[in-house]
Amino acid sequence: MGDDMVFCRKCGQTKPRTAFYDQLHSALPRRPCKACILADKRARYATKDGDRVSHAQVLREKYNLTAAQYEQMLADQAGRCAICGQYETARGRGGAPRRLAVDHDHRSGVVRQLLCHRCHLVTWAVEENPALLDKVRAYLETHTEASAGADL
């Protein structure tokens, strides 16, 4: 099957089967080819609102949320992180502030709330290893006490 040749209607080329993604729940190749899909994504992202399209796609595919639902969550939280209550301070590649991250339960997939980058990383780490929170607290207390004693 790997040696099969498949025609891509978009670019008009016949390519090896490996140049195509698999369709979900089927052995048939997904069309168009990988190269055409990538070119379409790049062109879409290069448009003025390309990052919005990409973000909406991630919301839909990863969290089963619409862009409107995300915007409503953001409005309900007044644009602030659900844990620390601050606006996002982390910057993206273009220098603009990042969007608040969609926090979700990694086991069930249930969306919780929107978090800043820092709180999202901490939440993820603690969710994976709940005992870590107590260890971090003890670590900070030990070093806070040691620092206070050194100032005397």
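Refer to the structure above for everything that follows.
In this text, all values refer to a predicted model and were calculated from it rather than measured experimentally.

Let us now look at the overall build of the protein. When its secondary structure is counted, the protein shows five helices and four strands. The 152 residues of the protein split such that 22% are buried. Put simply, 30% of the contacts in the protein that link residues at least 6 apart link residues at least 24 apart. Only carbon and sulfur atoms are counted for the fraction: they give 54% of the accessible area of the protein, which is about 11,200 Å².

Time to look at a positive patch on the surface. On the surface, Arg 30, Lys 41, Arg 44 and Arg 60 cluster together to form a positively charged patch. Mapped onto the elements, Arg 30 comes out in the loop between strand E2 (14–16) and helix H1 (34–46).

Another aspect to go through is the pattern of salt bridges. Counted by the stated rule, this structure contains five salt bridges. A salt bridge links Arg 112 to Glu 127; its shortest N-O distance comes to 3.4 Å. Taken as a pair, Arg 112 in strand E4 (residues 111–115) and Glu 127 in helix H4 (residues 117–128) lie far apart in primary sequence, 15 residues in all. The buried category is assigned to Glu 127, whose relative accessible area is 14%. When salt bridges that share partners are traced, they join Asp 103, Arg 112 and Glu 127 into one network.

Okay, the packing of aromatic side chains next. Counted by the stated rule, this structure contains zero aromatic pairs. When the ring centre of Tyr 21 is taken as reference, the NZ or CZ atom of Lys 34 above it lies at 5.2 Å.

Now for the nonpolar core. If you look at the biggest cluster of nonpolar residues, it comprises twelve residues: Leu 59, Tyr 63, Leu 65, Tyr 70, Met 73, Cys 81, Leu 100, Val 102, Leu 114, Leu 115, Cys 116 and Cys 119. Elements that contribute at least two residues to this core include exactly helix H2 (50–63), helix H3 (67–76) and E4. In this structure, Cys 81 is in contact with Gln 86, Leu 100, Leu 114, Leu 115, Cys 116 and Cys 119, ignoring residues within four places of it in sequence. Core analysis: the next-biggest nonpolar cluster, separate from the first, contains five residues, Val 6, Phe 20, Cys 33 and Cys 36 among them.

Here we take up the side chain of His 55. Looking at where His 55 falls in the secondary structure, it is placed in helix H2. In contact with His 55, not counting residues within four places along its chain, are Tyr 70 and Arg 99.

A separate point is the layout of surface pockets. One number sums up the size of the second largest pocket: a volume of about 160 Å³. Taken together, Tyr 21, Arg 30, Lys 34, Ile 37, Leu 38, Asp 40, Lys 41, Arg 44, Gln 57 and Glu 61 make up the full set of residues lining the second largest pocket. Contributing elements (two or more residues each) for the lining of the second largest pocket: H1 and H2. Considering every element that reaches the lining of the second largest pocket, the biggest residue donor is H1, with six residues. For the lining of the second largest pocket, the residue count by class is three nonpolar, one polar and six charged.

In this section: H4. With twelve residues, H4 should cover 16 Å at 1.5 Å per step; its first-to-last C-alpha distance of 17 Å lies within 8% of that length. Residues of H4 that are buried include every one of Cys 119, His 120, Thr 123 and Glu 127, and no others. Down the axis of H4, the buried set is contained in an arc of 100°. They therefore lie on one face. Its buried side turned inward, H4 meets strand E3 (101–104) and E4.

Definitions and limits used
- Residues numbered from 1 in each chain as written.
- Predicted model: local features only at pLDDT ≥ 70, side-chain atom pairs only at ≥ 80, totals over all residues.
- Heavy atoms only, no water.
- Helix = DSSP H or I, 4+ residues; strand = E, 2+ residues; numbered from the N terminus.
- Buried < 20%, exposed > 50% of the residue type's maximum accessible area, 1.4 Å probe, protein only.
- Contact = heavy atoms within 4.5 Å.
- Areas by Shrake-Rupley, 256 points an atom, 1.4 Å probe, with all protein chains shown as cover.
- Patch = residues over 30% accessible without salt bridge, like charges linked within 9 Å, V, L, I, M, F, W, Y side chains within 5 Å.
- Salt bridge = Lys/Arg side-chain N within 4 Å of Asp/Glu carboxyl O.
- Lys, Arg positive; Asp, Glu negative; His and termini not counted.
- Charge placed at Lys NZ, Arg CZ, Asp CG, Glu CD.
- Phe/Tyr/Trp six-rings, centres within 6.5 Å; stacked < 30°, edge-to-face > 60°.
- Lys NZ or Arg CZ within 6 Å of the ring centre and 35° of its normal.
- Core = buried A, V, L, I, M, F, W, Y, C linked by side-chain atoms within 4.5 Å.
- 1 Å grid on protein atoms, 1.4 Å probe; cavity = no way out; pocket = protein on both sides within 12 Å on 5 of 7 lines; lining within 4 Å.
- Points joined across faces, edges and corners; volume = space filled by probe spheres on them.
- Nonpolar A, V, L, I, M, F, W, Y, C, P; charged D, E, K, R; others polar.
- Expected span 1.5 Å × (residues − 1).
- Arc of directions from axis to C-beta.

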